[in-house]
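An overview of the molecular structure
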Amino acid sequence: MQIRQLPDTLINQIAAGEVVERPASVVKELVENALDAGALRIDIDLEEGGIRLIRIRDDGGGIAPEELPLAVARHATSKIASLDDLEAVATLGFRGEALPSIASVSRFSLSSRRAGDEHGSTLRVEGGKLGEITPKAQAPGTTVEVRELFYNVPARRKFLRAERTELSHIEEWLRSLALARPDVELRVSHNGRPSRRYKPDLLDASLRLNETLGEDFARQALCVEHAAAGLRLHGWIALPSYSRASADQQYLYVNGRAVRDRNIAHAVKMAYQDVLFHGRQPAYVLFLEIDPLRVDVNVHPAKHEVRFRDTRLVHDFVYRTLQDALAETRAGAIAAATQGAADRAQYPGAAAGFGSPRPWSPTQQSPLGLSVGEAPAAYAALYSQSGASQAFSPDVVSPQVFASQSPEQRLPTSSDASIPPLGYAIAQLHGIYILAENADGLIVVDMHAAHERIGYEKLKSAHDGIGLHSQPLLVPFNLAVAEREAEVAEREAETLAALGFDVTRSGPQSLSVRSVPALLAQAEPEGLLRDVLTDLREHGETRRIAAARDELLSTMACHGAVRANRRLTIPEMNALLREMEITERSGQCNHGRPTWARFSLAEIDRWFMRGR
Ligand code: ADP
Ligand code: MG
């Protein structure tokens, strides 16, 4: 084929491929334009999830009538004029691509009136073709109307999802914008009905936090504010006890722009490392302010990403700031723990991430120490004959220890038929491990992990057979949730019922819970339901039901499992060991960690260089 210059409309449609993925991206670009124009109130009218109509009206500075065609021309912008401007850009937009791209794939109109103008003017664009500029009665500000998105690009239209899904993507974007600009009023209507209103909130940004992420987050959030080395980090991070099953409440802004950044996400993760159970996700809303010259915002067409000049510095700054903030809560918890061990589950971190067995690093662990039950002779011998303590040097111990933790563990075969494979419990160590003696040596069981695995297998077979029984609650309870969680609960009522939950929506941000899965009636149902809703929202429509079900059941099992630091009696420990022996795959917990390890007497002898 001959080489030819592509027509403008086609160029714009190609660009639209990057900038306009779905209605939510249109809303994002248009609301950002309104904010750049200084708007303090933005009205967003949607029809059919934004597919049929997106109309955004703002009270910002407006556009001169003669500049309307320029606004929809490619690479035309009022926000930068030179490379220097680009490097110091403080507006959300700067590429001059959004309006022409959107106009090339929709039936589009742009109307505007500046404060001094006598009346407004409108320009229509149909599939990229400009119409006449005509006068229009309107209040100062700008209105952009986008009808029938992708009407002329069937391939893209096919990728649009159901109305509700597209709407929830829009709502997610608005939530993120709303968090960044509590001073701006946002009103949303869907199919002619008002659906959301973020009131302007100048004095107390935490009101906006309530409106967007729900009361529960707001109540359990630590306020962060720290500046150093020309960087400033402020916002909120959730206490470890409010951890989530997924990364769905992680909002990061760099100079007011919502971005995803692996480097910063990693710094946050590191800061939470000691206090969050493996697999759990922290929740946060963080704003990083940095000299625009030290960050490049022009690395992604939809501006989702940025590049820092000094990645290391930013990483360390975020890490240290958050670690310090979290350390304060931890210091409080440790002080409390040494006062009264029985209450420990109450403190942030001790109950960290529902079902977390090890919120603290071992050095900060339980002041309980070893609890010895009816120590049998061999066990006593282990200590009395232990001899030279230098044998505990790590290089002597580690090879055997790791060799004993192969990923596919088989139950040990016992040389003495009267002793069960996992042996008999002799003690509990630091509220975490069960020590048991079997015919060959020592068995160490991670009691939370083991219990979790057993619970999971039980739940699975119960679910396979008949569906889970649900147990009515004597006193139904109300659960405060974020609005989109309430929506998931409403939409997925049947799935929840199959899992044993009877949940109805009792308000925009609350659910009423009447029954819970019988097998888990003893577990803390609130956190469980919250995680189940998150799982459902994340996987509800993309993952196969069975896989999602296993994940749900695994989440549920984790809640049902015995918590760390619960003292078990010797008979309780033995009961757990016996259950492990009959449960499928009990060698691993649901998170893929091993549930037990074995140390044969021969191995232990080697630690102490016996028999050489
Ligand atoms: P960019 O935002 O990158 O400049 P856009 O295509 O989004 O590019 O917008 C082009 C131009 O149209 C903007 O630079 C701005 O001057 C003008 N404009 C767009 N939306 C508005 C609005 N809501 N209010 C005032 N001016 C606007
Ligand atoms: Mg723009």
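Cut-offs used in this document
Throughout, a residue's number is its position along its own chain's written sequence, starting from 1. Labels are handed out in written order, letters beginning with A for the chains and numbers beginning with 1 for the ligands. Confidence filtering applies because this is a predicted model: local features only for residues at pLDDT of at least 70, side-chain atom pairs given and counted only at 80 or more, and all residues used for totals across whole chains, interfaces and linings. No hydrogens and no water enter the side-chain calculation; it runs on all heavy atoms of the structure. Centres within 6.5 Å make a pair out of two Phe, Tyr or Trp rings, where for Trp the six-membered ring is used; the pair is then stacked when the planes are under 30 degrees apart, edge-to-face when over 60, and tilted otherwise. Counting from the N terminus, the helices are the DSSP runs of H or I reaching at least four residues and the strands are the DSSP runs of E reaching at least two. Note on exposure labels: buried denotes an accessible area under 20% of the residue type's maximum, exposed denotes more than 50%, and partly exposed covers the range between, all computed with a 1.4 Å probe on protein chains only. Every residue is assigned a pLDDT by the predictor, reflecting its confidence on a scale from 0 to 100. Any two residues whose heavy atoms approach within 4.5 Å at even a single point are treated as in contact. Angles run from 0 to 180 degrees between N-to-C directions of axes, and those axes are lines fitted to C-alpha atoms, restricted for helices to the stretch in contact. Oblique is the label for every angle not falling under 35 degrees (roughly parallel), over 145 degrees (roughly antiparallel), or within 65 to 115 degrees (roughly perpendicular). Throughout this entry, Asp, Glu, Lys and Arg are counted as charged residues, while Ala, Val, Leu, Ile, Met, Phe, Trp, Tyr, Cys and Pro are counted as nonpolar. The remaining residues, Gly among them, count as polar. When a carboxyl oxygen of Asp or Glu is within 4 Å of a side-chain nitrogen of Lys or Arg, the pair counts as a salt bridge.

Glancing now at the packing of aromatic side chains. Across all of its chains, the model carries four aromatic pairs by this definition. A centroid spacing of 4.6 Å and a plane angle of 20° characterise the contact between Tyr253 and Phe287, whose relative ring orientation is stacked. Of this pair, Tyr253 sits in strand 11 (residues 250-254) while Phe287 sits in strand 13 (residues 284-290), and the two are 34 residues apart along the sequence. Both residues of the pair, Tyr253 and Phe287, count as buried. Taken together, a centroid distance of 6.3 Å and an interplanar angle of 55° make the contact between Trp607 and Phe608 tilted.

It is worth spelling out the confidence of the model for the protein at this point. Mean pLDDT over the protein: 78, with 77% of residues reaching 70 or higher. Counted against residues more than four places away or in other chains, residues 541-546, with its pLDDT under 50, gives three contacts.

Before going further, it helps to examine the packing of helix 7 (residues 163-180) against helix 8 (residues 206-213). For the pair helix 7 and helix 8, the least separation of the axes is 9 Å and the interaxial angle reads 170°. Comparing their axes, helix 8 and helix 7 come out roughly antiparallel. Residues Arg175, Ala178 and Leu179 of helix 7 lie in contact with helix 8, whose contacting residues are Arg208, Leu209, Thr212 and Leu213. Here the residues of the contact of helix 7 with helix 8 sort into four nonpolar, one polar and two charged.

Turning to the pattern of salt bridges, a few remarks are in order. Taken as a whole, this structure holds 36 salt bridges when the rule is applied. Among the salt bridges present, the one from Glu97 reaches Arg74, with a minimum N-O distance of 3.7 Å. Of this pair, Glu97 sits in the loop between helix 4 (83-87) and helix 5 (98-104) while Arg74 is found in the loop between helix 3 (68-71) and helix 4, placing the two residues 23 residues apart along the sequence. One salt bridge connects Arg219 with Asp216, and the closest N-O pair in it is separated by 3.4 Å. Here Arg219 pairs with Asp216, and both are found in helix 9 (residues 215-219), just three residues apart, close to one helical turn. For Asp216, a relative accessible area of 10% corresponds to the buried category. Through salt bridges with shared partners, one network takes in Lys28, Glu29, Glu32 and Lys303.

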